[in-house]
Each structure stands twice: as C-alpha cells, then as structure tokens.
Amino acid sequence: MRHVISVLVENEAGVLSRVAGLFAARGFNIESLTVAPAGDEQTSRITLVSEGDDEIIEQIIKQLNKLIPVIHVVDLTEGAHVERELMLVKVTAEKEVRAEVLRIADIFRSRVVDATPNSFMIEVTGDATKLDACLELLKPLGVIELVRTGQVALSRGNRGMIKN
Amino acid sequence: MELTGAEIIVRSLLDLGVRHVFGYPGGSVLHIYDAIFKTPEIQHILCRHEQGAVHAADGYARVTGEVGVALVTSGPGATNALTGLATANMDSIPLVCLTGQVPVDLIGNDAFQEADTVGITRSCTKHNFLVRHVSDLARVLREAFHIARTGRPGPVVVDLPKDVTAARCDYVHTDGEVKIRSYNPTVVGNSRQVKKAVAMLLESSRPMIYTGGGVILANAAPELTRFTRLLGAPITNTLMGLGGFPATDPLFVGMLGMHGTYEANMAVSHCDLLVAIGARFDDRVTGKISQFAPGAKIIHVDIDPTSISKNVKVHLPIVGDVKNVLGQMNALLEAQGAKDHQPDLKPWWDQIQSWRDKHCLNYTQKQDCIQPQFVIETLNRLTQSGAIVATDVGQHQMWAAQFYPFDRPRYWLTSGGLGTMGYGLPAAMGAKVARPNETVLLITGDGSIQMNIQELATCCQFHIPVKIAILNNNYLGMVRQWQEIFYEGRYSHSHMAFGPDFVKLAEAYGAVGLRATRPEEVEPVIKKALEIDNTVVMDFRVAEESNVYPMVPAGKALNEMILL
Ligand SMILES: Cc1cc2nc3c(=O)[nH]c(=O)nc-3n(C[C@H](O)[C@H](O)[C@H](O)COP(=O)(O)OP(=O)(O)OC[C@H]3O[C@@H](n4cnc5c(N)ncnc54)[C@H](O)[C@@H]3O)c2cc1C
Ligand SMILES: Cc1ncc(C[n+]2csc(CCOP(=O)(O)OP(=O)(O)O)c2C)c(N)n1
C-alpha cells in the first residue's frame, strides 16, 4: 500500500542525506520526497511517499525515528489527511488548440503562468490523482516538459503533529 | 576561561571521565596532539594503524562498558578508521572517534588530505557531527558521548576542522544530563506488556530463553541470572551474548545458531515460548527463517524498536532497557512465586537431556597432531576460565566460543556482526589497557593475525602484555571449510602456503615467540607464556583440515544441523 509519511526533523546540515541515505542503504522505495523549513527556523518537515507492505512501512517508520535529528514521524495514511502537490506543465499550444488548453486548465482550476505564441505553462495543484488526470488530458496536445513537487500533506483536524 | 578548540577537546574529555585515548597523529590534528602533550592525565596510546586504534578503543569499551575513544587525522586517517567504526556499529559498541578535518573554508575543495568523513561514516556509525564553530565544540562532544553510550550504544564520529581546534572560546564545565529533544530512547518496559509476558512465561511448558549482546551492553547479567533461575528454564546465548549467563550453570545449553550446540538449536526449534532478550535474530542465529522456532510464541525485549519484528514476527514486543525490563519481570515472578504456578518442566528437560547426550562438541585429540580445540581447552584449564578472551574471525573464533566457557560478562571480545579479521590483536590490547591486572588472551588464526600484526609494536612500546595464541593451520580455515563442504573441496585461494615465522616475527618486535608442534608441547608453551611479563606469541601448529562442528549449512533450518 501507498503511505504518506510526515517527518519532523531538526533543521540542520545533512538531515536530508541521512534520510535519503537510509532509504538507499535499506532498499526502501521512495515515490516522492519533499523537504522545506517548517516555519520556525529550527525544524524542517519532510513528506515521504513510499510503497510497501505493513512490515516494510513499520520498519521505515522505526528506522526514521532512530535517526538522531528526527523529532517525530507520523504515517498520515492512518487517518484523515489532506495531500497536495504542485505541477508545472509546458504544453504546445498553437492556434486552434490554445482554447482547448485553456479549457482543460479551467476544469482543473489551474492557472496559466507563462505564455508564448505557441505554448503555455500551466500551474496545477491538487492531490496526485488530480494531477495525473490533468496530465492525461494535456498529453495528447503535446507536453514539452513538466515538473512536480511531490506530495506534501497534513492531518485533518485541530491538532498538530506534536502535542504542545 | 578562554581556551583553544584543542584545549576544549582535551578538557572535555577529562570532564567526561576519559583517561585513555587510542590514536595516530597527522597534520589536521596537530593542535589536539599539542594539547594532549600538555595533559598528563590523559594517556595516549600510539597505535600503528588507525584501524588498530579504533579496534583498541572498541576492546576498551567492551571490557569496561565505558565509551572508548580514538583520535585520527583527516583523509587517510579517517578512511583507515572506517573498518573499526563499522565493526563497532554492527556490535553496538560505544565509541567516540575524533577525526581531523581540513579547515572549514577548504571543505569541499579537494584540499590536501580531505575526505568527506561525515558522508563516508554516516552509514557505519550511530551518529556523526561536523563541528563548524568552536562555540559548539564542548556541547557536541557531550552529545557525542551521550549518544554513544545510551539507548542502543554505538560509535559516534566527531569531525574537527583544524581551524576550529585553533580558534578560541570560553569553556564552562557542565555537568548533568544531556538533553537532545529528538533523541529519547525508551528505557522502561511498558508495564502491561511486562505483565502479559509474565503470564505467558507461567503458562509455558517448553520455555526457552535466548539472549544476546544487549544483556552485556545493559550490564544486566545479574538480572538475567535471577530471571533464568526463577523460571528454571533453559537458556542459550548468541555469540555476542556469551557471559550474560554463567556458561557452567546447568541451565545453560550453549550457544545457538550456525555453530551453536545441537541441544540449543533443537530446544529453540521445539520450544513453545521463546523469550528473546537483547538479541536481534541475526541470520547466523535463525538459519532458515520460516522454520525458526516454528511452534513458539515469541516475546522480544529490546531497546531498539527496529530490532523488533525485523526478521522474525514477534507476538509480544517490549521496548526497553533489558536491565529494567528483567527487573520488572523478576519482581512480578518473585511476587507470584514463579515455580508454584508453572507447568512441570521435567519432560522438557528430559528431552533436552536427550539432545545433550549427543555430545555435539566432541573431537578426538590424536597422538601426533595438535587439534585446535585441544589448545583452547588447555588455555581454558590453565587460565581457570578466568581470562579476558579476544578473537579474530574464522574457525578459531567458533572454537573459542564453543570451548572456552564464560561465567561473567565483558570477558569475551569478538567481532560478530561484521566479522572483521584483524579485530583481535588491537581489541585485546585495548582490553589490557583497561584491565591491566587481568590475563588477556587473543585466540587467532594465521590469516587474521596478519591483518593487524603491526600492533605488536604498540604492545611492546607501552608494555601491554597480551598472550596471543595462533591456531596456525596454514589455511584461511573457515573459507577452506566452506570450500570443502560446498565446493567439492576446491580450495580456491584459501591455502596460505607461505607464512612468516611467527616466533621470529614476535622476537623482531621485541615480544616473545613460542612454538608447539606436538600435543605434549601445548601445555608447557601456554604455562610459559602465562608466566612471562611480556607480549607472547604462541604459534600452535594445528591440524590443517579440522572443521567446526556442529554446523547448520547456510539457508537450512536449525534442526538440520550437521553433527560430526
Ligand atoms: C564466522 C562467524 C560465525 C558466526 N556464527 C554464529 C553462531 O553460530 N551463533 C551466533 O549466535 N552468532 C554467530 N555469529 C555472530 C552473528 O553474526 C551476530 O553477530 C550475532 O548473532 C548477533 O548477536 P545478538 O543477536 O546478540 O545481537 P547484537 O549484535 O549483540 O545486538 C544486540 C541487540 O541488543 C539490543 N540492545 C542493546 N543494548 C540494549 C539494552 N540496554 N537493552 C535492551 N536491548 C539492548 C540491540 O538493540 C540489539 O538488538 C557469527 C559470526 C561470525 C563472524
Ligand atoms: C577483513 C576480512 N576479510 C575476509 C573475511 C572472510 N573470512 C572469514 S573467515 C576467513 C578465514 C580466516 O582465517 P584465519 O584467520 O587463518 O582463521 P581460521 O579460520 O583458519 O581459524 C576469511 C578470509 C573476513 N571475515 N574479514
């Protein structure tokens, strides 16, 4: 099963390589990994998406917890949570296709963030399935290149990851 | 008080209780060496190779339970230390290794003797630090020692750029607990789980206790002994756990695993409850995993959650320090009067006796040729089972585990997890530095001893008299054994057809060399070696093609042991 794991870490040099190194050394799979400071200067938040049976996911969580700078690990898939990912896609869009591209962009509530006479760049946000669906429609029109941020996620409700 | 970084390091070491450092100097640690020069309270032992220094610190840690300390230079010093770090990491040995580094603003420039030490040591240490500011130095060192010795212990590297060791900063002596918010090992067992465990123990009619290195690391031998005797249950130790329970006690059925005893492996295969304590279900122990303890419920006590249900699914996990958890269980067992509530264990013990009757550790000492097992038995007899014994890796290591009984913890030093040939001599040296009044034996092979033989010079320079018994079979014996059994006797490059004259070699270093080629020479050689107040190399010319039995072939189940 696919799991979204949120990891709160000390914001210090080398944390990301510890996490990435752990996955590489133990052969755990990473579908996506995002990391950025959590807003308080001292911590960063890593969101990992991984695929594996329950035993593997259990080991992943335990191994992450074992890393010294890791403060807390939560498997968000265990409860209600919100997932978001951002994608930038560059599509060829000439003459009659231009309207079609804009229509698709509109359906997915995405924005055009760059345009040339024969292309658009579209910014789409949503969970992975929404991005996939959008991409399916754009592909036949000619996707030049694209980039996705990987999932970020938070649990629903009024509680934070660590109880204060 | 304003001090240089180097002085802060030395001060911190003193404040942390360090009295011995094993090291090797070089450009980037010269400031530190200068500070050591001015600090007579710290004894620095100049090893002959950085690997030797780290193994020596490891041996020191294994016999004392304290954090061993090694000091090496940047680049090649650090890379030479790697094997030592990986060895300690696999066996969870508390060490701090201080490595020199190029100055901060040269890091990343391929500077002279630069290596990405933090990068290369990440996966073979418990943790590592690069200190970029002298103001962090004292705190990082305290954290490094704290991390090395608490929780599941392990080696910690502190990488020290040269300019940081020259910069000046105030040093304030700090006492008390180190607090790291992201690092809080669970040490007390969950009391509900402990209660459940006790209930399971009192229901079992075929219990089996299986303990490992965690008992030694936790200094929990007294609690384990109490626990085992309260239950009257059979107990086996892993290679790393030897000495956790008295080997001469009738409840002890020997080591388990690939070269464990028949009775231990059969008991594990037939028990209805397996209590794993501070052991990690290594593949050398479990054999074919699907047939490991097939009819048993498993309780697992370990301080490291990642050890639990990693290889074998357990029914009742208890995360905590074994010393505490055993204490908790003993209290309940005592309160309830364990033996009154247990099923009768006699049928179980009768069955175990029938396995014991196979005498799986048998060998025959013939008239003309020394059997390696005989050497170890004689060593055992002449040291009254009382020596600290270090080994290298190979057949001699297994025979030492089988034929030298340990009644106390921290008398047995062996590289189990990584299986590092070359571990033995420096480890024995480190042990002797820590315990100068004890006899320290090294049991080694003609292959392994050559991997760190240069440390004989260290032993002689610092008068660290270790007694070295080489079971010289002219082979990389363990490799040869596998080739005999699994490759139809094709001895591809396991024959060490040429070896040095170990007697002369010993003498060249200033040690004493002795040789025994016939069985009747074994005892006099050992007696003489034990009397001499110097490092002694005993070259025992043993039977070339003896095999270690019993043996579970790799991938087979424990009850498919090959007996002699
Ligand atoms: C040639 C060769 C042959 C070998 N053959 C065998 C063999 O036949 N049989 C055998 O047993 N081994 C054998 N080994 C050794 C084997 O490879 C492993 O090193 C060994 O089995 C591991 O021992 P252990 O399970 O006790 O774990 P260790 O490596 O000692 O790990 C200790 C465990 O205890 C835990 N722990 C640490 N501190 C605490 C604490 N305070 N409280 C609670 N838990 C704690 C740790 O988290 C860890 O899980 C062999 C090795 C070699 C080189
Ligand atoms: C550094 C290292 N290299 C290779 C091995 C593989 N290996 C395991 S046992 C062994 C043979 C050891 O020979 P020796 O030290 O003579 O001991 P014996 O088995 O003959 O008792 C070898 C090569 C190892 N364990 N460590």
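Throughout what follows, the structure given in this document is the object of discussion. (Residues numbered from 1 in each chain as written. Chains lettered and ligands numbered in written order. Predicted model: local features only at pLDDT ≥ 70, side-chain atom pairs only at ≥ 80, totals over all residues. Heavy atoms only, no water.)

### Focus: the pairing of strand β7 (residues 155-161) of chain B
All names here are of chain B.
Here comes step 1: Extensive coverage of β7 is indicated by the burial of seven of its seven residues.
Here comes step 2: Burial along β7 is two-sided: the face carrying Pro155, Val157, Asp159 and Pro161 and the face carrying Val156, Val158 and Leu160 are both buried.
Here comes step 3: Pairing geometry for strand β6 (residues 127-130) and β7, over four bridges, is parallel. Note on β7: the bridge partner recorded for Asn128 is Val157.
Here comes step 4: Following the backbone out of β6, through helix α6 (residues 137-149) and into the adjacent parallel β7, one traces a crossover that is right-handed. (Buried < 20%, exposed > 50% of the residue type's maximum accessible area, 1.4 Å probe, protein only. Helix = DSSP H or I, 4+ residues; strand = E, 2+ residues; numbered from the N terminus. Pairing = 2+ DSSP bridges. Right-handed = clockwise from strand over helix to strand, strands pointing away.)

### Quick notes on the environment of Asn324 of chain B
All names here are of chain B.
Here comes step 1: Here Asn324 lies in helix α13 (residues 322-336).
Here comes step 2: Considering only alpha carbons, one finds Asn324 and Gly189, 135 residues apart in sequence, at a separation of 7.1 Å.
Here comes step 3: Apart from residues lying up to four places away in sequence, Asn324 is in contact with Val187 and Val188. (Contact = heavy atoms within 4.5 Å.)

### What to know about the interface of chain A and chain B
In many analyses, interface size is given as the accessible surface area lost on bringing the parts together.
Here comes step 1: The interface of chain A with chain B comprises 14 residues on the first partner and 16 residues on the second.
Here comes step 2: For the pair chain A and chain B, the two sides together bury roughly 1400 Å², of which 49% comes from carbon and sulfur.
Here comes step 3: Considering only the surface of chain A that becomes buried against chain B, Arg18, Lys62 and Ile68 of chain A emerge as the three largest contributors, covering 44% of it.
Here comes step 4: Across the chain A-chain B interface, the total number found is two salt bridges.
Here comes step 5: With a shortest N-O distance of 2.7 Å, Asp304 of chain B and Lys66 of chain A are connected by a salt bridge.
Here comes step 6: At the surface where chain A touches chain B, the tally comes to nine residue pairs in polar contact (both at pLDDT 80 or more).
Here comes step 7: By residue number, the principal contributor to the side of chain A that touches chain B is helix α2 (residues 54-66) of chain A, which donates five residues. (Buried area = accessible area lost by both parts, 1.4 Å probe. Salt bridge = Lys/Arg side-chain N within 4 Å of Asp/Glu carboxyl O. Polar contact = N/O pair within 3.5 Å; in protein donor to acceptor, adjacent residues only side chain to side chain.)

### Overview of the site of ligand 1
All names here are of chain B.
Here comes step 1: As a structural note, the neighbourhood of ligand 1 is formed by 37 residues, with Gly213, Thr238, Arg280, Asp302 and Ser307 the closest of them.
Here comes step 2: Measuring from an oxygen atom of ligand 1, one finds a backbone N or O atom of Leu239 at 3.0 Å.
Here comes step 3: One of the backbone N or O atoms of His259 is found 2.8 Å from an oxygen atom in ligand 1.
Here comes step 4: For ligand 1, the accessible surface in isolation is 990 Å², of which the surrounding protein chains cover 97%. (Near = heavy atom within 4 Å. Areas by Shrake-Rupley, 256 points an atom, 1.4 Å probe, with all protein chains shown as cover.)

### Some details on the packing of aromatic side chains
Residue and element names in this part refer to chain B.
Here comes step 1: For the structure on display, the rule yields eleven aromatic pairs over all chains.
Here comes step 2: Ring centres of Phe281 and Phe292 lie 5.9 Å apart, and the angle between their planes is 85 degrees; this geometry places the pair in the edge-to-face category. Here Phe281, found in the loop between β12 (273-277) and α12 (283-286), pairs with Phe292, found in the loop between α12 and β13 (297-302); they are eleven residues apart in sequence, far enough to count as distant. Phe292 matches Phe281 in its accessibility class, with the two residues each being buried.
Here comes step 3: Counting every residue linked through ring pairs, the aromatic cluster contains Tyr210, Phe281 and Phe292.
Here comes step 4: Note that Arg408 overlies the ring of Tyr411, its terminal NZ or CZ placed 3.9 Å from the centroid. (Phe/Tyr/Trp six-rings, centres within 6.5 Å; stacked < 30°, edge-to-face > 60°. Lys NZ or Arg CZ within 6 Å of the ring centre and 35° of its normal.)

### A few points about the site of ligand 2
All names here are of chain B.
Here comes step 1: Within the structure, ligand 2 sits among 17 residues, and Gln395, Gly419, Gly447, Ser448 and Gly477 are positioned closest to it.
Here comes step 2: His396 places a side-chain nitrogen or oxygen 2.9 Å from an oxygen atom of ligand 2.
Here comes step 3: Taking Asp446, its side chain carries an N or O atom lying 3.3 Å from an oxygen atom of ligand 2.
Here comes step 4: Protein contact buries 76% of the 590 Å² of open area that ligand 2 shows by itself.
Here comes step 5: Where the shell around ligand 2 is concerned, the elements lending two or more residues are α17 (395-403) and α20 (477-486).
Here comes step 6: It is α20 that provides the largest number of residues to the shell around ligand 2, a total of three residues.
Here comes step 7: Within the shell around ligand 2, the residues separate by chemical class into seven nonpolar, nine polar and one charged. (Nonpolar A, V, L, I, M, F, W, Y, C, P; charged D, E, K, R; others polar.)

### Considering the sheet that holds strand β18 (residues 467-472) of chain B
Residues and elements named next belong to chain B.
Here comes step 1: Strand order in this open sheet of six strands is β16-β15-β17-β18-β20-β19, and the pairing throughout is parallel. Single-partner strands in this sheet number two, and they are β16 (412-413) and β19 (512-516).
Here comes step 2: Contacts between helix α22 (residues 519-531) and the sheet are confined to β18, β19 and β20 (536-541), with β19 contributing the most and set at about 165 degrees to the helix. (Axes fitted to C-alpha atoms, helices over the stretch in contact; angles between N-to-C directions.)

### Some remarks on the nonpolar core
Proteins that are soluble and globular tend to have nonpolar side chains buried together.
Residues and elements named next belong to chain B.
Here comes step 1: Formed by 145 residues in total, the largest nonpolar core has its most connected members in Phe227, Leu274, Ile277, Met329 and Phe540.
Here comes step 2: Non-local contacts of Phe227, meaning those with residues more than four positions away in its chain, are made with Leu201, Ile209, Val275, Ile277, Leu326, Met329, Asn330 and Leu333.
Here comes step 3: Within the second largest apolar cluster, 41 residues are counted, among which are Val67, Val156, Val158 and Val178. (Core = buried A, V, L, I, M, F, W, Y, C linked by side-chain atoms within 4.5 Å.)

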